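# Architecture and fold: a report
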Amino acid sequence: MSFGEGVIMTGVASTELNSTAAAPPTIVGERHSSTTTTTAATVSPPTTQGGESNHNNKKKKEGRNVDPRCFTRRHVAIKIAYVGWHFHGFPAQDSTENTVEAYLFKALAQAKLIHDRASCNYSRCGRTDVGVSAFSQVIALSVKSKLSNHPGLLPPLMASNQDSSGPAETSTSTAASPSKSSMETYVPPPTEGELDYCAILNGIMPPMIRAIACTTVPPTFNARYDCTSRTYKYFFSCADLDLDTVNQAASLLVGTHDFRNLCKIDLENAKTFVREIFSAVVEPMGPTSTPDRYNLFCFTIRGSGFLWHMVRCIMAILLMVAQKKEKPSIVSELLDIKSCPRKPSYEMASELPLVLFDCSYPDLTFIHKQDILENVCNTFYAEWNRASMQCSLLRTMLDSLYATPTAPRAGPPRGPPKHTPLHLRPHNHSLEELQQHQHQQQQQITHQSSSSSSASSSTTATATTKGKAKPPVPKRRCVAQKPTPPPSSKATATTNNNVDTTTAVTPPQSTTAPSVTPQSHST
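Reference entry: report on the structure contained in this document. The structure presented is a predicted model; accordingly, all values stated were derived computationally and were not measured. (Residues numbered from 1 in each chain as written. Predicted model: local features only at pLDDT ≥ 70, side-chain atom pairs only at ≥ 80, totals over all residues. Heavy atoms only, no water.)

## A short note on the overall build of the protein chain
Broken down by element type, the protein chain carries 13 helices and nine strands. Burial status across the protein chain gives 37% buried among its 523 residues. As displayed, the protein chain has an accessible area near 30,900 Å², and 56% of this comes from carbon and sulfur atoms. (Helix = DSSP H or I, 4+ residues; strand = E, 2+ residues; numbered from the N terminus. Buried < 20%, exposed > 50% of the residue type's maximum accessible area, 1.4 Å probe, protein only. Areas by Shrake-Rupley, 256 points an atom, 1.4 Å probe, with all protein chains shown as cover.)

## So, a nonpolar patch on the surface
Taken together, the side chains of L393, M397, L398 and L401 present a nonpolar region at the surface, about 350 Å² in accessible area. Counting through the fold element by element, M397 comes out in helix α11 (residues 370–402). (Patch = residues over 30% accessible without salt bridge, like charges linked within 9 Å, V, L, I, M, F, W, Y side chains within 5 Å. Salt bridge = Lys/Arg side-chain N within 4 Å of Asp/Glu carboxyl O.)

## Observations regarding helix α9 (residues 310–322)
The first and last C-alpha atoms of α9 sit 18 Å apart over 13 residues, in line with the 18 Å expected at 1.5 Å per residue. With 13 of 13 residues buried, α9 lies mostly within the body of the structure. Trailing α9 by a residue or two, K324 shows a phi angle of about 60°, which is positive. (Expected span 1.5 Å × (residues − 1).)

## Quick look at the packing of aromatic side chains
Within the structure shown, the criterion is met by eight aromatic pairs. Seen from the ring of F366, K79 lies directly overhead, with NZ or CZ sitting 4.6 Å from the centre. A cation over an aromatic ring shows up here: K343 above the ring of Y346, its NZ or CZ 5.1 Å from the ring centre. (Phe/Tyr/Trp six-rings, centres within 6.5 Å; stacked < 30°, edge-to-face > 60°. Lys NZ or Arg CZ within 6 Å of the ring centre and 35° of its normal.)

## Regarding the pairing of strand β3 (residues 133–144)
Counting buried positions along β3 gives eleven out of twelve residues, so the element sits mostly inside the fold. Relative to β3, strand β1 (residues 73–82) is paired through nine bridges, and the arrangement is antiparallel. Note that in β3 the partner of I78 across the bridge is I139. Summarising the sheet, strand β2 (residues 123–124) and β3 pair through two bridges and their orientation is antiparallel. Opposite R124, over in β3, you have I139 as the bridge partner. (Pairing = 2+ DSSP bridges.)

## Concerning the packing of helix α8 (residues 243–251) against α9
Closest axis-to-axis distance for the α8/α9 pair is 9 Å, and the angle between their directions is 150°. Classified by the angle their axes make, α8 and α9 are roughly antiparallel. For α8 against α9, the interelement crossing comes out right-handed. Counting all contacts with α8, which are made through T245, V246, A249 and A250, the residues of α9 involved are L318, V321 and A322. Residue composition of the contact of α8 with α9, grouped by class: six nonpolar, one polar and no charged. (Axes fitted to C-alpha atoms, helices over the stretch in contact; angles between N-to-C directions. Parallel < 35°, antiparallel > 145°, perpendicular 65-115°, else oblique. Left-handed = near helix turned anticlockwise from the far one by under 90°. Contact = heavy atoms within 4.5 Å. Nonpolar A, V, L, I, M, F, W, Y, C, P; charged D, E, K, R; others polar.)

## A short note on the side chain of R73
Relative to the assigned elements, R73 resides in strand β1. Here R73 falls in the buried class, since its relative accessible area comes to 9%. At 2.9 Å, the side chain of R73 forms a polar contact with the backbone oxygen of P155. (Polar contact = N/O pair within 3.5 Å; in protein donor to acceptor, adjacent residues only side chain to side chain.)

## Details of the environment of L141
Among the secondary structure elements, L141 is positioned in strand β3. Given a relative accessible area of 0%, L141 falls into the buried group. Counting along the chain gives 66 residues from L141 to H75, while the straight-line C-alpha distance between them is 5.5 Å. With residues up to four places along the chain from it excluded, the contact list for L141 reads R74, H75, V76, I78, L108, I114, C120, N121 and Y122.

## A short note on the pattern of salt bridges
Using the criterion set out here, one finds eight salt bridges in the structure. Across the pair R260 and D258 runs a salt bridge whose closest N-O atoms are separated by 2.9 Å. Taken individually, R260 and D258 each receive the classification buried, so the pair is uniform in this respect. Through salt bridges that share partners, E101, R117 and R124 make up one connected network.

## Comments concerning the side chain of S350
Among the structural elements, S350 can be located in the loop between α10 (330–335) and β9 (354–360). For S350, a relative accessible area of 5% gives the class buried. A distance of 3.4 Å separates the side chain of S350 from the backbone nitrogen of L352, its partner in a polar contact.

## Re the nonpolar core
L141, F236 and F299 are the most contacted members of the largest nonpolar core, which has 92 residues in total. Top element by residues in this core is α9. It accounts for twelve residues. (Core = buried A, V, L, I, M, F, W, Y, C linked by side-chain atoms within 4.5 Å.)

## Thoughts on the state of the cysteines
In the structure shown here, the tally under the stated rule is zero disulfides. C125 supplies the cysteine sulfur nearest to C227, a cysteine that is in no disulfide, at a spacing of 3.8 Å. Relative accessible area serves as the criterion here: at 9%, C227 is assigned to the buried category. Cysteine C313 shares no disulfide, and the gap to the nearest cysteine sulfur, in C263, comes to 6.7 Å. In this structure C313 comes out as buried when scored by relative accessible area, which is 0%. (Disulfide = S-S within 2.5 Å.)

Structure follows, in structure tokens:
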């Protein structure tokens, strides 16, 4: 078993032991219809207080019908922490509702803090994938406010006497990054008497999603573009780890480089693959005087921005260096695009130990309330307590197995029998080849759409001509004609092949290293 596989196996084992943790979390405070019906059937209000009961029910109905568009709004930045292995990533998806963003907007709508996503000027700092956690994810949006008559507040989206059934007006605030002068001259409204947004969201969202801090920001603030740096941490275990060698490889990441060979290329969202890394270091999380397979380490990397799967690809290379399968210079070789224009094939590191640790905003000061932090700490401590007991159980089981006479050696897990160096592995397509292939696809789609539009135009013209009055045609004697023989199978196959050839796009051929037998590899 390789070291990278060992990390994955550990995450899977802990998930299987805690079957309830792997299930989609239930929303706190959600009341089921069966419970409500039973209560209504067994408890009836006294007849003497019927008027008061109807008055309270009327108040509740009015509360449910509150339209947040009729209130003034406050643009806020909220810091969120979540345990990623309970959810299918942070961004909302059409295929599942078990995402952090889906639970967040469900809570915002249930609390009547926003009308919908389109009208709240929403922005997020980053989007974590499935299984990735965050300690300091930051979002920004305009929410309902209890205050009024302050220049720092935003006006209501709709007048109180306007029909609430009409469409919501979208916010006119721009998503561009504000200037430094606007950040300095902005006067935020007071927080006394304002809604406690973190407490409201924590009362509705699942326990493993917590709002931990909040602050008021200008309407032009954008959580993504105003972030000056992001910090990720990756936790792993290794027995015979040479810290000096691994940190030598990590130090080569510092600076401005093209990371196309250390990420998953996304041509639709990434305009450039150049990023700046400010620091990268591997540190032990405890004493490492003796080689032990249970030794834990933490890789911390801070940069201006990160590409898709960039940290996991970097960690995969560092794990190879840690296991002495690659030299530290492999990092420089992968960052040299001229000598290595194509990314070699290798598996990414597991997503479970990865966490978005911090998002930096030098001009912001988040307000941490003591009662909110106490609630968050108690919630995450309960999760840690359960996970630590699982780890202690597994470690005791392993120690007892290693104590048997026929047990394997107590050193690090044995990796695969043979490691193929990266420069001898098959290489993927280069960025230029992928861009050329995408350009060909776009051209073909444009050609097909223009052909279909011209065909529909000719059909419309023919139908118009048929609708016009035509001179009478003299009747002719019908002469029976011989039926046209069906085309042969060979001709049919040729026609089908021609159609398939025009509709399908042949992807560029992948290249392999010179010493490897040439084979076709898909991206």
